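# Geometric and topological summary
Here is what each chain is made of, one letter per residue.
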Amino acid sequence: MNFQWYPGHMTKAKRMMQENIKLIDLVIELVDARVPLASRNPDIDELGKNKARLILLNKADLAEDRKNDEWKAYFEGRGFFCVKVNSKKGGGLKSIQNVIQEACQEKIERDRKRGILNRPVRAMVVGIPNVGKSTFINSLAGKAAAKTGNKPGVTKGKQWIRLNKQVELLDTPGILWPKFEDQSVGLKLAFIGSIKDEILQVEELGAELIRFLYQVYPGVLESKYGIEKAEDPYVSLNRIAESRHCLVRGNELDAEKAARLLMDDFRNGKLGRLTLEYPEQM
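Residues numbered from 1 in each chain as written. Predicted model: local features only at pLDDT ≥ 70, side-chain atom pairs only at ≥ 80, totals over all residues. Heavy atoms only, no water.

## A short note on the overall build of the chain
Under the convention used in this document: A run of DSSP states H or I qualifies as a helix once it reaches four residues; a run of E qualifies as a strand once it reaches two. Both are numbered from the N-terminal end. Three labels apply to residues, based on accessible area from a 1.4 Å probe with only protein chains included: buried if under 20% of the type maximum, exposed if over 50%, partly exposed otherwise in between. Here, residues are in contact when the closest pair of their heavy atoms is within 4.5 Å. Methods summary: accessible areas were calculated by the Shrake-Rupley approach with a probe of 1.4 Å, and residue burial reflects only the protein chains presented.
For the chain, the helix and strand inventory stands at 11 helices and eight strands. Burial status across the chain gives 51% buried among its 282 residues. Across the chain, the fraction of contacts at a sequence separation of at least 24, relative to all contacts at a separation of at least 6, is 67%. Split by element, the accessible area of the chain, about 13800 Å² in all, is 47% carbon and sulfur.

See the structure below:
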């Protein structure tokens, strides 16, 4: 599979972020806990240099807990603040306010020395499409302050959200980068739904996920769908189709429907808590 996806609105979004970075004290970057490195936009490091940085391992409930801890240690070892969160259910959000204050301690101290009291910390919330930025902001703000959707690219323009007297958030559209140097990164992003399914070969994607699961999480597919393992992932896809009665007219097996079912089950955590990349591989 060859991934190229950089529509015009992403160029515009990147320019907008570059223009606003001078107003910002802290960059809050959301990554998907199942693929913490693949879901990081390398442009963000350049954009956020000289700013306080906080990485949120979002959707931590969908990834292995032990691996979440390893990734947290990995990022903290590289100078980032890092918190495991589950924005949908509110897990880990209580600690965010304190971590924001801690990350911006130098800025708050500088303000105090200049006699500037109570100026709120301004944080830019960034991340690739479909990583959960808007859900995170809504959960933190306690109201539907930012639009949400389970499709990449719902946030179109910037919006400021005042959390309280201490923190203001700038929501930004999710942006990918122009070219994936490593196609396996594109594959992982396709697995988690950060690349629009409409531009992908869903059967091929399903077969790739099956191949990965057989390598790293043997037994997951067999126990979930009650199928026997096959050497050829496309055979496994047909077995899932059979098991879940994915049929087209004439009682033919519908492998594409089975692949969509598999991808949905993976993305929603119905296959269990799975992590697709590990710090020790980096």
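## Some thoughts on the environment of Gly-219
Structurally, Gly-219 can be placed in the loop between α8 (202-216) and α9 (220-225). Classification of Gly-219 by relative accessible area gives partly exposed; the value is 30%.

## Some remarks on the pairing of strand β3 (residues 81-84)
The criterion, for reference: The rule for pairing is simple: two strands pair if DSSP sees at least two bridges between them. Handedness rule for crossovers: strands pointing away from the viewer, path from the first strand over the helix to the second running clockwise, crossover right-handed.
Pairing between strand β2 (residues 52-58) and β3: four bridges, direction parallel. When the bridges of β3 are listed, Leu-57 appears paired with Lys-84. At this point the chain moves from β2, through helix α3 (residues 65-76), to the parallel β3, and the crossover so formed is right-handed.

## Observations regarding the nonpolar core
Burial of nonpolar side chains together is a common tendency in soluble globular proteins. To be explicit about the condition: Note on terminology: a nonpolar core comprises buried Ala, Val, Leu, Ile, Met, Phe, Trp, Tyr and Cys residues joined through side-chain atoms within 4.5 Å.
Leu-26, Ile-28, Leu-56, Ile-96, Phe-136, Leu-169 and Leu-262 are the most contacted members of the largest nonpolar core, which has 62 residues in total. Apart from the residues lying within four places of it in its own chain, the contact partners of Phe-136 are Ile-28, Leu-30, Leu-56, Ser-87, Leu-93, Ile-96 and Val-125. Counting residues in hydrophobic clusters, the runner-up holds 12 residues, among them Ala-13, Ile-21, Val-126 and Leu-170.

## Let's talk about unusual backbone geometry
Phi is positive for Asn-50, which is not a glycine, with a value near 70°. Residue position: Asn-50 is located in the loop between α2 (43-47) and β2. Its relative accessible area of 78% is what places Asn-50 among the exposed residues. Of note in this structure, Asn-251 is not a glycine but carries a positive phi near 60°. Residue position: Asn-251 is located in the loop between β7 (247-248) and β8 (252-253). On the accessibility criterion, Asn-251 (62% relative accessible area) is exposed.

## Section: the packing of aromatic side chains
Condition: Between 30 and 60 degrees the pair is tilted, below 30 it is stacked and above 60 it is edge-to-face, where a pair is any two Phe, Tyr or Trp rings, Trp via its six-membered ring, whose centres lie within 6.5 Å. Charges are assigned to positions over rings by a cutoff of 6 Å between ring centre and Lys NZ or Arg CZ, combined with an angular limit of 35 degrees from the ring normal.
According to the stated counting rule, one finds four aromatic pairs in the structure shown. Geometrically, the ring pair formed by Tyr-74 and Phe-75 is edge-to-face, given 5.3 Å between the ring centres and 85° between the ring planes. Across the pair, Phe-75 and Tyr-74 agree in class, each one buried. Relative to Phe-80, the ring of Phe-75 has its centre 6.1 Å away and its plane inclined at 90°; by these criteria the two rings are edge-to-face. Judged by relative accessible area, which is 1%, Phe-75 ranks as buried. An aromatic cluster is present here, built from Trp-71, Tyr-74, Phe-75 and Phe-80 joined pairwise through their rings. The aromatic ring of Trp-160 is capped on one face by Arg-122, whose charged end is 4.5 Å from the ring centroid.

## Focus on the sheet that holds β2
Strands pair in a sheet through their backbones, by hydrogen bonds, and they do so in one of two ways: parallel or antiparallel. Which entries qualify depends on this criterion: Lines fitted to the C-alpha atoms define the axes, with helices restricted to the stretch that makes contact. Angles between their N-to-C directions range from 0 to 180 degrees.
Read across the open sheet, the six strands follow the order β3-β2-β1-β4-β6-β5; overall the sheet is mixed. Edge positions in the sheet fall to β3 and β5 (159-162), since each has one partner strand and no second. Adjacent strand axes in the sheet meet at a mean angle of 25° when their direction is disregarded. Strands β2 and β3 of the sheet are contacted by α3, whose axis makes an angle of about 165° with β3.

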